[in-house]
Structures are given as C-alpha cells and as structure tokens.
Amino acid sequence: YVYCTMLLIALGVANTMLVTQLAGAGKFEECHQQMRQGLRWGLSAVAVVASLIYLFHQALLEIFTDNPEVLGLGVIVCLIHSINEPCRAVNIISGNVLRGCGDAIYVTGNAIAVTWLFSVPLAYLLGIYWGLGLYAILLAGVLDEFIRSQINWRRWKSDKWKRKLAPD
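Okay, so let's go over this structure. (Residues numbered from 1 in each chain as written. Predicted model: local features only at pLDDT ≥ 70, side-chain atom pairs only at ≥ 80, totals over all residues. Heavy atoms only, no water.)

### A closer look at the side chain of Glu145
For step 1, the next point in the chain: Its place among the elements puts Glu145 in helix α6 (residues 133–158).
For step 2, the next point in the chain: Owing to a relative accessible area of 12%, Glu145 belongs among the buried residues under this scheme.
For step 3, the next point in the chain: Not counting residues up to four positions away in its chain, the partners in contact with Glu145 are Asn84, Cys87, Arg88 and Asn91. (Helix = DSSP H or I, 4+ residues; strand = E, 2+ residues; numbered from the N terminus. Buried < 20%, exposed > 50% of the residue type's maximum accessible area, 1.4 Å probe, protein only. Contact = heavy atoms within 4.5 Å.)

Shown next, in the form of structure tokens:
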C-alpha cells in the first residue's frame, strides 16, 4: 500500500500546484473544479491499485512467507488497508491543497490533534488494553484517516482557506 501513498502524494503535489496557481489568480470556481478533478483522479487511482493488491494479496504475501497464520492475518490486513485508502486519498489531496493555499497551521494542528488525542488513545485502548490486537489498531488508523479527511474536506468546502491566501 506504499504504492498508493506514493501515488497520492504525487497526485496531491500536482493538484496543489494547479489549485494554488488558480487561487493566486482569484479563479476560485476553477479551484473547486480542479480540486474535485484531483480527488476523482486520486480516488480512481487508489481504487485500482488497492483492488489489485487485495486481489493478489495471497501471491504477494507468499513471496515472503508460507506460514498459514501469517497468510490468514494478511487477508484481513489487506482488506483494512483497502478500506483505508479512499480516506487517505481525500486526506492527502485536500490537506496538500489547503497547505498550498496558506492554511498549513490548520491542517497540521488538525493532524496532530486527531492523531494524538483520538487515534493513539483509541488504538491503545482497543488493541492493547482490551486485547483486540492488530486489527483494532489498524481500524483506529482507518478512523484517523476518515476523521482527518472529513475535517480537511469540510475546511476546503467552507472557503475559510481563502482568508489565508497571500495578498496581492
């Protein structure tokens, strides 16, 4: 799933350059159109890559092990990561664009707060304290990406980021 992340970062950077150029020119409707297009590309790309990895997870895992317990664990881990990728796509792409438009403090603060005040305690509580293990920790990561993606997307939709643009 590192391939999905690398792909998303590349798409996020490219989309950020396009959106910030439009924002600097004051073409805000075109900014929103470009953001939606970037998200469509990101979501489509991770859907394809994550689906391929999930479909061929057995063959990929057998490169490294033949242990049936590990292979059994791997199918659920791959499924959880496949569910996580669309949330990560929205989080990375919208977060990059907000940073590019000058709203970096908001995005960074959001990431720190959600991760350390929600996700880490939830992962510890579910995975270690209640003994639910790896799956619970990974699901806490899915919730982290989902919450952060929703916060970033709503920030974008609110247009509050426009106040952060550098004046002419």
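Here the narrative resumes, following the displayed structure.
### With respect to the packing of helix α2 (residues 28–55) against helix α4 (residues 68–100)
For step 1, the next point in the chain: The N-to-C vectors of α2 and α4 enclose an angle of 165°; their axes lie 9 Å apart at closest approach. Comparing their axes, α4 and α2 come out roughly antiparallel. α2 and α4 meet at a crossing whose hand is right-handed. For the pair α2 and α4, contact is made by Met35, Gly38, Leu39, Gly42, Leu43, Val46, Ala50 and Tyr54 and by Val75, Cys78, Leu79, Ser82, Glu85, Pro86, Ala89, Val90, Ile93, Ser94 and Val97, respectively.
For step 2, the next point in the chain: Per-class residue counts for the contact of α2 with α4 are 14 nonpolar, 4 polar and 1 charged. (Axes fitted to C-alpha atoms, helices over the stretch in contact; angles between N-to-C directions. Parallel < 35°, antiparallel > 145°, perpendicular 65-115°, else oblique. Left-handed = near helix turned anticlockwise from the far one by under 90°. Nonpolar A, V, L, I, M, F, W, Y, C, P; charged D, E, K, R; others polar.)

### Observations regarding unusual backbone geometry
If a residue is not glycine, its phi is most likely negative; likewise, a peptide bond is most likely trans.
For step 1, the next point in the chain: In this structure, Asp159 takes a positive phi of about 65° despite not being glycine.
For step 2, the next point in the chain: Inspection of the secondary structure assignment puts Asp159 in the segment after α6.
For step 3, the next point in the chain: The partly exposed category is assigned to Asp159, whose relative accessible area is 26%.

### Looking at the packing of aromatic side chains
For step 1, the next point in the chain: Under the counting rule described, the total for this entry stands at 2 aromatic pairs.
For step 2, the next point in the chain: A centroid spacing of 6.0 Å and a plane angle of 70° characterise the contact between Phe28 and Trp161, whose relative ring orientation is edge-to-face. A residue pair is termed long-range when its members are at least 10 positions apart, and Phe28 in helix α2 and Trp161 in the segment after α6 qualify at 133 residues.
For step 3, the next point in the chain: Between Trp156 and Trp161, the aromatic rings sit 4.3 Å apart at their centres with planes inclined by 5°, giving stacked as the arrangement.
For step 4, the next point in the chain: Note on Trp156: relative accessible area 1%, which makes it buried.
For step 5, the next point in the chain: Take Trp161: its relative accessible area is 0%, and that puts it in the buried class.
For step 6, the next point in the chain: Through a chain of ring-to-ring contacts, three or more aromatic side chains come together here, namely Phe28, Trp156 and Trp161.
For step 7, the next point in the chain: Note that Arg155 overlies the ring of Tyr106, its terminal NZ or CZ placed 3.9 Å from the centroid. (Phe/Tyr/Trp six-rings, centres within 6.5 Å; stacked < 30°, edge-to-face > 60°. Lys NZ or Arg CZ within 6 Å of the ring centre and 35° of its normal.)

### Notes on the pattern of salt bridges
For step 1, the next point in the chain: For the coordinates displayed, the defined rule picks out 6 salt bridges.
For step 2, the next point in the chain: Between Asp103 and Arg155 there is a salt bridge, and its shortest N-O distance comes to 2.7 Å. Of this pair, Asp103 sits in the loop between α4 and α5 (104–129) while Arg155 is found in helix α6, placing the two residues 52 residues apart along the sequence.
For step 3, the next point in the chain: Residue Asp103 is classed as buried on the basis of its relative accessible area, which comes to 2%.
For step 4, the next point in the chain: By relative accessible area, Arg155 is classed as buried at 13%.
For step 5, the next point in the chain: With its nearest N and O atoms 2.9 Å apart, the salt bridge here joins Asp144 to Arg148. Linking Asp144 with Arg148, this pair stays in helix α6, spanning 4 residues, or about one helical turn.
For step 6, the next point in the chain: With relative accessibility at 17%, the residue Arg148 sits in the buried group. (Salt bridge = Lys/Arg side-chain N within 4 Å of Asp/Glu carboxyl O.)

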